[in-house]
Amino acid sequence: MSDHAVNVANLRKVFSRGGRGHDVVAVDDVSFSVARGSSLAIVGESGSGKTTCARIIAGLETATSGQLEINGQAQETGRLTHRKRGQRARDVQMVFQDPRASLDPMQTVGAALVEVLGQQTSLSRTERRARALELLDQVGLDERAAESLPRHMSGGQRQRVAIARALAADTDILILDEAVSALDVSVQAQVLRLLQELREIRQLTYVFVSHDLGVVRQISDMCVVMNQGRVVETGPTERVLDSPAEQYTRELISAVPGPGWVPRRRKVSVG
Amino acid sequence: MTGQPLLEVRDLAVDHVDGNHRTPILRGLSFDLQPAEALGIVGESGSGKSVTLQAIRRTLPRALRATGSITVDGQDVFAMGASRLRTWHSSGVAMIHQDPRAAINPVRTIGDFLTETLRRRLSKNEAVQRALKQLRAVGIANAESRLEQFPHELSGGLLQRVMIASALLDEPDLIMADEPTTALDVTTQQEVMAIIDELRRERGMAMILVTHDLDLAAAVTDRVATFYAGSLVEMGESNDLHRNVLHPYTRGLLDSRPSVTAREELRPIPGRPARASEVGPGCAFVARCPLAISVCETHAPPLVPESGRFVACHRVAEIASRPQHETGASA
């Protein structure tokens with residue numbers, strides 16, 4: 001039995017453009033593993049393939065080739081049947097950048113959680129109700145939130161609901177895809193704190209997809225730097241950010257504004 | 001060393017008007033901008049930073065009403081006629097938006113877009129030459145072939161550079177940039193910000209940069225203003241930001257942002273950003289402020305000078321007399 005929650009080997013994803021131009025290799029021979037109870041960040045810019053990797057792990061995207069193991073079990077990376085998708089959802093839950101896209105606008109937050117609990121657990125009706133309130137409490141929301149519609153909540157509250165919903169299935173692997181990127185900075189810090197606390201209390205494993213190196217430093221133990229579908233560098237987050245081995249990683253780090261930062265033009269302009 | 005300001009904003013307020021119902025969005029804003037000076041406006045959502053730019057350019061949506069006064073180069077902006085306003089928009093003040101795709105006609109080429117207004121007074125060839133020169137100035141290689149391309153053929157970063165080239169075509173006195181790099185990757189952001197900064201300094205243009213990123217603002221401006229719930233709460237020199245920040249909200253913003261260089265415990269500000277309409281008689285920040293006392297609930301603090309900055313906080317004198325604690329690490 002492996003002590004890895006997630007293990008990805010030689011993952012490859014090609015998006016075919018059906019004769020309109022070249023196929024796009026979104027993920028190219030990517031391998032990494034995530035130790036149980038740890039937090040791994042996949043870092044990169046747009047087009048790096050970081051989100052595609054995350055979606056393949058969650059079963060929302062097929063892989064062209066490569067292997068995926070979750071909790072030591074080999075997983076299919078092709079198109080999943082309805083039943084298989086349900087099984088995957090019990091192992092892995094995903095939290096997206098925009099929670100509005102994954103919350104039903106007509107359903108109260110409480111009802112949404114009760115529904116997920118109905119699908120993913122064998123709890124009775126009253127138990128589900130109580131569990132929904134418990135989950136909301138864990139993400140820092142009170143009973144009033146249960147009666148609210150998503151549109152009447154702030155962005156930070158909605159993201160807390162999305163996290164509660166991901167936890168409802170009792171999974172211990174969360175894939176967080178730019179989950180704090182759209183939040184105001186003061187609220188982002190609250191949600192990051194919440195994620196850290198939840199990880200400790202519930203022994204969760206995170207795969208944290210982000211373009212934000214400050215957030216990555218805060219939330220992850222290990223990180224994988226990706227560029228144009230390939231892994232550029234992998235290692236403990238502190239080591240990668242403090243002494244990057246690759247030029248690309250150095251460029252990413254030096255582009256982040258901080259105290260005393262001055263923007264510099266990288267390329268020589270031609271013309 | 002202050003002469004005639006380029007821009008004078010006095011008691012600018014913006015309300016949302018619905019029948020007889022008025023909802024405040026921006027409250028009592030006053031500041032000056034000198035020629036060639038760059039001001040950063042920083043705040044979270046609902047703080048009124050974008051509305052400020054719209055109010056100054058008189059491009060507010062119909063339901064929003066501005067009061068107060070805005071003077072540009074001695075001219076009253078609210079009194080400008082339609083044709084004077086058009087001239088000012090096309091040659092006096094340039095706007096760079098967050099999403100270049102929303103601000104460009106997708107079915108016309110980059111060349112058409114760039115030469116459109118120039119063609120009113122230049123020959124086709126002269127207009128094309130001007131456009132090429134601008135594209136090169138923003139670091140775009142193969143400028144000739146770019147002119148033939150359509151917006152969808154360009155990446156976000158390249159398109160934002162085209163927008164900057166377009167904004168600077170008529171050498172405006174003032175650039176307004178509303179989160180110009182928020183939609184871009186961080187390496188592209190650095191490139192685009194460097195270009196804006198370089199061209200602005202070279203050509204002596206003033207700038208108002210709206211952003212949620214304090215460090216980004218501080219890097220390319222002379223002064224930074226912090227907005228909260230439709231009010232200006234702190235303004236001061238950009239190079240002073242990390243050493244001498246005084247308002248508890250600005251301090252909280254700096255402490256909330258996770259650092260790339262060190263893992264520190266985050267100290268989030270509790271609660272969520274307030275809107276101007278939710279603010280009572282007291283300080284806008286009172287509900288989230290760790291230093292709030294009873295007067296903060298009942299009286300709105302005025303913006304007062306303190307240690308070289310302007311700060312709206314009842315406790316600013318106490319804060320300023322305390323040594324800046326460990327959080328104010330400077331570069």
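These figures come from a predicted structure and were not determined experimentally.

J.: I tried to follow the overall build of chain A on my own but got confused; where do I start?
T.: Across its full length, chain A carries 10 helices and 10 strands. Expressed along its principal axes, the backbone C-alpha trace of chain A runs to roughly 65 × 45 × 40 Å. Here chain A holds 271 residues, and 51% of them are scored as buried. Expressed as a percentage of contacts within chain A between residues at least 6 apart in sequence, the contacts between residues at least 24 apart total 64%. Surface summary for chain A: the accessible area is close to 12,400 Å², and the carbon and sulfur share equals 46%. Placing the 34 positive and 32 negative side-chain charges of chain A at their respective mean positions leaves the two points 5 Å apart.

J.: I would appreciate a short explanation of the sheet that holds strand 6 (residues 93-96) of chain B in the present structure.
T.: By way of backbone hydrogen bonds, the strands of a sheet pair with one another, either parallel or antiparallel. Residue and element names in this part refer to chain B. If you trace the eight strands from one edge of the open sheet to the other, you get 6-7-8-3-9-10-12-11, paired in mixed fashion. The strands lining the two open edges of the sheet, one partner per strand, are strand 6 and strand 11 (304-306). On average, adjacent strands in this sheet sit at an angle of 20° to one another, irrespective of strand direction. One ladder, built from six bridges, connects strand 9 (residues 223-228) with strand 10 (residues 231-237); its direction is antiparallel.

J.: Which parts of the structure should I look at to understand the interface of chain B and chain A?
T.: Reports often express the size of an interface as the amount of accessible area lost when the parts come together. Each partner contributes residues to the interface: chain B has 47 residues there, and chain A has 43 residues. For the chain B and chain A pair, buried surface summed over both sides reaches about 3,800 Å², with 54% attributable to carbon and sulfur atoms. On inspection of chain B and its partner chain A, the count reaches three salt bridges. Of the charged contacts, one joins R257 of chain B and D212 of chain A as a salt bridge, the two residues approaching to 3.0 Å between their closest N and O atoms. Applying the counting rule to chain B against chain A returns 18 residue pairs in polar contact (both at pLDDT 80 or more). Among the elements of the structure, helix 4 (124-137), helix 7 (186-203), helix 8 (214-220) and helix 10 (248-256) of chain B are those that each provide at least two residues to the side of chain B that touches chain A. The element that contributes the greatest number of residues to the side of chain B that touches chain A is helix 7 of chain B, accounting for 10 residues.

J.: Explain the packing of helix 6 (residues 156-167) of chain B against helix 7 of chain B to me, please; I cannot follow it from the model alone.
T.: Helix-helix packing is characterised by the crossing angle of the two axes and by the distance between the axes. Residue and element names in this part refer to chain B. It is the contact of helix 6 with helix 7, at a shortest axis distance of 10 Å, that shows an interaxial angle of 10°. As the angle between them shows, helix 6 and helix 7 are arranged roughly parallel. Within the contact between the two elements, helix 6 uses G157, Q160, R161 and I164 and helix 7 uses T188, E191, V192, I195 and I196. Of the residues assigned to the contact of helix 6 with helix 7, the class counts are four nonpolar, three polar and two charged.

J.: For this particular structure, what's the right way to read the sheet that holds strand 1 (residues 7-18) of chain B?
T.: Residues and elements named next belong to chain B. Within the open sheet, the four strands sit side by side as 2-1-4-5. Their pairing is antiparallel. Each edge of the open sheet carries a strand with a single partner, namely strand 2 (21-33) and strand 5 (75-76). The pairing of strand 4 (residues 64-72) with strand 5 spans two bridges and is classified as antiparallel. Along strand 5, the bridge assignment pairs V72 with Q75. Here helix 1 (residues 49-57) sits on the sheet in contact with strand 1, strand 2 and strand 4, set at roughly 105° to strand 1.

J.: Can you walk me through the nonpolar core in this structure?
T.: Most often, soluble globular proteins have nonpolar side chains that are buried together. Core analysis: the largest hydrophobic core is formed by 42 residues, its most contacted members being L114, L135 and V162 of chain B. Setting aside residues no more than four positions away along its own chain, L135 of chain B makes contact with L114, I140, A143, R146, L147, V162 and A165 of chain B. Core analysis: the second largest hydrophobic core is formed by 39 residues, L113, L183, A189 and I219 of chain A among them.

J.: Help me understand helix 6 (residues 155-168) of chain A, please; the structure alone is not making it clear to me.
T.: An α-helical turn contains 3.6 residues, so any two residues separated by three or four positions project in the same direction. Residue and element names in this part refer to chain A. Between its terminal C-alpha atoms helix 6 stretches 20 Å, which fits the 20 Å expected from 14 residues at 1.5 Å a residue. Of all 14 residues that make up helix 6, 11 are buried, and the element is covered over most of its length. For helix 6, every residue scored as buried is listed here: G156, R158, Q159, R160, V161, A162, I163, A164, A166, L167 and A168. Where helix 6 is buried, its residues touch strand 6 (92-95), helix 3 (109-120), helix 4 (125-138), strand 7 (173-177) and helix 7 (185-202).

J.: Is there a simple way to think about the environment of I293 of chain B in this case?
T.: Residue and element names in this part refer to chain B. Here I293 is to be found in the loop between helix 10 and helix 11 (294-298). With a relative accessible area of 39%, I293 lands in the partly exposed category. Sequence spacing of I293 and L132 is 161 residues, and the spatial spacing of their C-alpha atoms is 59 Å.

Criteria and thresholds
Residues numbered from 1 in each chain as written. Chains lettered and ligands numbered in written order. Predicted model: local features only at pLDDT ≥ 70, side-chain atom pairs only at ≥ 80, totals over all residues. Heavy atoms only, no water. Helix = DSSP H or I, 4+ residues; strand = E, 2+ residues; numbered from the N terminus. Buried < 20%, exposed > 50% of the residue type's maximum accessible area, 1.4 Å probe, protein only. Contact = heavy atoms within 4.5 Å. Areas by Shrake-Rupley, 256 points an atom, 1.4 Å probe, with all protein chains shown as cover. Lys, Arg positive; Asp, Glu negative; His and termini not counted. Charge placed at Lys NZ, Arg CZ, Asp CG, Glu CD. Pairing = 2+ DSSP bridges. Axes fitted to C-alpha atoms, helices over the stretch in contact; angles between N-to-C directions. Buried area = accessible area lost by both parts, 1.4 Å probe. Salt bridge = Lys/Arg side-chain N within 4 Å of Asp/Glu carboxyl O. Polar contact = N/O pair within 3.5 Å; in protein donor to acceptor, adjacent residues only side chain to side chain. Parallel < 35°, antiparallel > 145°, perpendicular 65-115°, else oblique. Nonpolar A, V, L, I, M, F, W, Y, C, P; charged D, E, K, R; others polar. Core = buried A, V, L, I, M, F, W, Y, C linked by side-chain atoms within 4.5 Å. Expected span 1.5 Å × (residues − 1).

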